[in-house]
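Structural characterization, general
Okay, here's what each chain looks like letter by letter:
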Amino acid sequence: MMSILNALVYLILAPVLGGLVAGIDRKITARMQGRVGPPILQPFYDVAKLFEKEDVTVTPSQNYYILSYLVFMAVTGALFFAGGDMLLVIFAFTLAHVFIVLGAYAAYSPYSYLGAERELIALMAYEPMIILTAVGLYLVTGSFYVSDIAASTVPVILYLPGVFLGFLTVLTIKLRKSPFDISTSHHAHQELVKGLTTEFSGATLGKIEIAHWYETVVMLGIVYLFFGFNPLLAIIVIALVYLLEIFIDNTFSRMKWEMTMKSGWGAAAILGFLNLAVLYYFYLGV
Amino acid sequence: MAYLKKSPWLLHYDASSCNGCDIEVLACLTPLYDVERFGIINTGNPKHADVLVITGGINELNRQVVRNIYNQMPEPRVVVAVGICASSGGVFRECYNIAGGVDQVIPVDVYVPGCAARPESIIDGIVQALGILEEKRTKMKEQEAQR
Ligand code: SF4
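The notes below deal with the structure included here. Just so you know, these numbers come straight off a predicted model, no measurement behind them.

**Some remarks on the site of the ligand**
All names here are of chain B. Around the ligand, the surrounding shell consists of S17, C18, G20, C21, G83, I84, C85, F92, G114, C115 and A116. Contributing elements (two or more residues each) for the shell around the ligand: α1 (20-27) and α3 (84-88). Partitioned by chemical class, the residues of the shell around the ligand number seven nonpolar, four polar and no charged.

**Notes on the layout of surface pockets**
Over the atoms rolls a probe the size of a water molecule, and its path tells where empty space is left. Residue and element names in this part refer to chain A. Of the pockets and cavities examined, the second largest pocket occupies roughly 740 Å³. Taken together, 29 residues form the lining of the second largest pocket, with L17, F81, V217, G221 and I238 sitting closest to its centre. For the lining of the second largest pocket, the secondary-structure elements that each account for two or more residues are α1 (2-32), α3 (60-81), α6 (146-151), α9 (202-226) and α10 (231-251). Residue composition of the lining of the second largest pocket, by class: 24 nonpolar, five polar and no charged.

**Structural notes on the pattern of salt bridges**
One side chain can pair with another of opposite charge once the charged atoms of both are near each other. What the rule picks out here adds up to 15 salt bridges over all chains. Note that K53 of chain A and D50 of chain B form a salt bridge whose closest N and O atoms lie 2.6 Å from each other. In this pair, K53 of chain A is assigned in the loop between α2 (42-52) and α3 and D50 of chain B in the loop between β2 (41-43) and β3 (51-55), connecting two distinct chains. Judged on exposure class, the residue K53 of chain A and its partner D50 of chain B are both buried.

Quick notes on the rules
- Residues numbered from 1 in each chain as written.
- Chains lettered and ligands numbered in written order.
- Predicted model: local features only at pLDDT ≥ 70, side-chain atom pairs only at ≥ 80, totals over all residues.
- Heavy atoms only, no water.
- Near = heavy atom within 4 Å.
- Helix = DSSP H or I, 4+ residues; strand = E, 2+ residues; numbered from the N terminus.
- Nonpolar A, V, L, I, M, F, W, Y, C, P; charged D, E, K, R; others polar.
- 1 Å grid on protein atoms, 1.4 Å probe; cavity = no way out; pocket = protein on both sides within 12 Å on 5 of 7 lines; lining within 4 Å.
- Points joined across faces, edges and corners; volume = space filled by probe spheres on them.
- Salt bridge = Lys/Arg side-chain N within 4 Å of Asp/Glu carboxyl O.
- Buried < 20%, exposed > 50% of the residue type's maximum accessible area, 1.4 Å probe, protein only.

Have a look at this one:
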């Protein structure tokens, strides 16, 4: 019962929270660049405006794909906050991304093709580390269920520092921040004409934006799991992590896709595997 | 509630400008003028844009390009001609390859004078354009209601 309630609260509150985070992100970014920056509610204005615009569709199927993207992104978060199985959450998460890639492929345009390919590369780059994160959490807490992991009193972070750092690396890819914003970016709209979202306009683009807000909340939720033993600490860490992401976003230029691949898999291979190997040897060995 | 005015995304197209007006348009985006505080974002994609900003006169080669960009923008949309070249052809008016101002090809809503147009007057022009954008949206809504 409690878990269903949590999922419902998530479905309603996550877009609000995600939008606020996006607004604060833009404000802090502007301050870092010595500008005043847009109001904090700007992302909401943007999305509301998108829903006011005329709907231009290249192929009807693209709108269904994007709707599925939004629905599955919401389902991912609902499963997560209902305390469901971490592996199922990852599965739904990947499925959601497959839908947005399909949507980009459905709209015949070289820009969205290129964006779709780059999104697939990003997907390949971060997926191993996300799975390792789930495995690491399982090894320490003995459960794949989010509810158990969050309720566990074990200081997970002490056992999984490497996995946590690896997760931060893929978080940058996932939030589409520089240097890994190869498929679409919030800042450089000119390059690749915004990649993945080139052929989407009006309400459809608005849905992509809302899905991204849902996604941000889920990703920050996973950060919480590392610090579940102390909720206050967890919230502070989440704020710090996001600040770090903004900082990285503003100090790095975009890199090529090879770099994304190397960083994602490198983090998984070095930080993730090494951490798990050490953990397996010392912690579970006894 | 109208959110269009709060979040206009603009597309900047350089139709044979001397680059004088272009750098002034870009100057609006720098920290000094920082138009992002009004929610204005410079996009490179006509499908995301609400305001089309054109600098320079139209020549015979980019006639079709400008029309194409304009047609790809979803309604409601406005066009701002920045600089005297974009308004009437300016000093290049008599050239054999210049068709004249932007209004030779697509309807223009706001003309921003100057050579080069100052950032202040560009921002002024865009704010005016937002009023027109709002009018167009109301008209669009009425037409939809009638249908
Ligand atoms: S109006 Fe003046 S500055 Fe602007 S494009 Fe024409 S000649 Fe250049």
